[in-house]
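Residue-level structure breakdown
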Amino acid sequence: MSDFLSNFNQSNYDETKEKKSTDHQPKVGDEKQSNPSKNETFGPKNQTNNDNATKTRSKPLEDGTEFDPTYHQKKKKKQLLIGIGTLVVICLLYFIYYQQTHVKLPDFKGKDLAEVRTWTTENKVKLKVEQEYNLDTEANKIIAQKEKQNSKIKKGSELTVTASLGPDPEEKLKLPDFMSMKKDEVEKWIKEHKAENVSIIDEYSEATPQGEATRFEIVNKDVTKESYKRKDKANMYYSKGKETFEKNIAVPDFKNKMKSEVESWAKTNEINVTYEESSSADVPADSIISQSIEKDQKIAKKDSLTVTVSLGKGFVVPNFAEYTAEEASTAANGLEVQAKAIFTENIPYGQLISQSVAAGTELTNKDDLKIKVFYSAGKPYLKDLRGNTLEGDLPKQFHDEFQSKGANIKYTVRYVDSAEPKGTVVGMSAYNLYVPLNYTVALDVSLGNLEGASSYTPKPQENNAEKDSEPQSLQ
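Calculation criteria
- Position numbers for residues count from 1 along each chain, tracking the sequence in the order it is written.
- Predicted model: local features are reported for residues with pLDDT of at least 70 only, side-chain atom pairs are reported and counted for 80 or more only, and whole-chain, interface and lining totals are derived from all residues.
- Side-chain metrics rest on all non-hydrogen atoms present in the structure, leaving aside hydrogens and water.
- When a carboxyl oxygen of Asp or Glu lies within 4 Å of a side-chain nitrogen of Lys or Arg, that pair is called a salt bridge.
- In DSSP terms, a helix is any run of H or I states spanning at least four residues, a strand is any run of E spanning at least two, and both are numbered starting from the N terminus.
- Accessibility here uses a 1.4 Å probe with only protein chains present; expressed as a share of the type maximum, an area under 20% marks a residue as buried, one over 50% as exposed, and anything in between as partly exposed.
- Directions drawn from the helix axis to the C-beta atoms are what define this arc.
- Whether two residues are in contact is decided by their heavy atoms, any of which lying within 4.5 Å being enough.
- Only strands that DSSP links by at least two bridges are regarded as paired with each other.
- The convention used is that axes are lines fitted to C-alpha atoms, helices contributing only their stretch in contact, and that angles between N-to-C directions extend from 0 to 180 degrees.
- Two aromatic rings, drawn from Phe, Tyr or Trp (for Trp, its six-membered ring), form a pair once their centres lie within 6.5 Å of each other, and the interplanar angle then sorts them: stacked below 30 degrees, edge-to-face above 60, tilted otherwise.

1. Digging into the pattern of salt bridges
Using the criterion set out here, one finds 15 salt bridges in the structure. We note a salt bridge from E170 to K231, for which the minimum N-O separation is 3.0 Å. Residue E170 is found in the loop between β5 (158-164) and α7 (183-193), and its partner K231 is found in the loop between β7 (213-218) and β8 (234-239); the two are separated by 61 residues along the sequence. You can call E170 partly exposed: its relative accessible area is 40%. You can call K231 partly exposed: its relative accessible area is 40%. Through salt bridges with shared partners, a single ionic network connects E170, K229 and K231.

As structure tokens, this is what we get:
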């Protein structure tokens, strides 16, 4: 079937039609009669011939079919018109398609990156952004675009632009001597070098005339002028001269008012207040006793005011030499007195040695109200411990009797054969006498191993040799 259709083309069709037409044409004699001669001219004389020719062309054939010799020419003309129309339609459709799928590319140079993003979103174009530092172009401004302006770009394709990151923050800048420059010169330098992190600050100064430089500071203390980079913050200060204020602030009467009220008033009016403290039996603690500027006087901002704040009732420290150690704890009402007796070499017993706070000092609730008072216990006296003291009692006894009172009295132990109960002190190198503050006494302690010892005494040891121990002291 496909072979048959491929052979049935326009040429075969025309040949078939011509053959069919030939079969129906009149004979040669008839053709001459029906066709005008080549030399005939138009006029009244030939009108009859034309009419006859017309009648001959439109004369039907024997089978009733009418033959038109201009048929093929008309058909070719029709096919040409169809072809031209089809081509025009195709071109028009392609033009419409091209217009629908392509957009005209604007010139984005110098535009904001946000504007480019908006355009690509609206026109369904992908955006690729390349960024680089540029001293002359602000950050997020377009430096260049890969595709040319006014060219057509297909939707869905990629547009590549180069955007500025602004000046390189890592670039080192050589700092001039700002202290010798005027304010407008510094502003010009900042603009030229894009040093946006250098700030110019005006401040009041009591010593520097207005308009002159007061100081230059780099915020990061680890950065020096030699290592300064564009990213580092720095401040250049210029004087606004002395700050003056009108004296239009009336001072209230703060007497017997709370300190917090003064603080609030001073903060609101920017007044410099100095607080002094004193005890008072009449004014409660944290209330104002007096003020340096009387009420209703006018002062200005930044002026100074001194007020005295009550610490409450004061406590006067007595002279504890007038009291005994037993009386000292109750000698001063409101004070916590800790009295203690200690051994001394040359101060008589009961006499005051020292007190932690001098007599006549006034203390308040703000101070430490504890006072330590020391009285003399005289020289240390070593009693006779033989026969009535056990070895186990020695540490406590020497601590309580001597070391707790400042005397460094130690002892050594030697174990000896004895009929006394085991552990009993049976001998002393010294006893019943005054000893120095630093002293060591030798003690003999019974082993309880001789005949006559108490029944509860353990059996004698095989080795009855004397055993000496190192000197001992209670810590």
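2. Structural notes on helix α8 (residues 259-269)
Listed as buried for α8 are V262, W265, A266 and N269. Viewed end-on, α8 has its buried residues packed into an arc of 100°, placing them on one side of the element. Exposed residues on α8 whose side chains face more than 90 degrees from its buried face are K267 and T268. If you follow the buried residues of α8, they end up packed against β9 (249-250), β10 (272-278), β11 (288-291), β12 (298-299) and β13 (304-310).

3. Things to note about the sheet that holds β10
Sheet strands line up and pair through hydrogen bonds in the backbone, either parallel or antiparallel. Strand order across the open sheet formed by 3 strands is β10-β13-β11, with mixed pairing between neighbours. Pairing within the sheet leaves two strands with one partner each, and these edge strands are β10 and β11. Strand-to-strand, the axes of this sheet are offset by a mean angle of 25°, without reference to chain direction. One ladder, built from 7 bridges, connects β10 with β13; its direction is parallel.

4. Here's the deal with the packing of aromatic side chains
In this structure the tally under the stated criterion is 9 aromatic pairs. Geometrically, the ring pair formed by F254 and W265 is edge-to-face, given 5.3 Å between the ring centres and 65° between the ring planes. Residue F254 is found in the loop between β9 and α8, and its partner W265 is found in helix α8; the two are separated by 11 residues along the sequence. A relative accessible area of 2% places F254 in the buried class. Judged by its relative accessible area of 14%, W265 falls in the buried class. Between F398 and F402, the aromatic rings sit 5.7 Å apart at their centres with planes inclined by 50°, giving tilted as the arrangement. With relative accessibility at 1%, the residue F398 sits in the buried group. The exposure class of F402 is buried, given its relative accessible area of 5%. Each member of the aromatic cluster is reached from another via a ring pair, and the members are F343, F398, F402 and Y411.

By themselves, these observations are geometric and do not establish any function.
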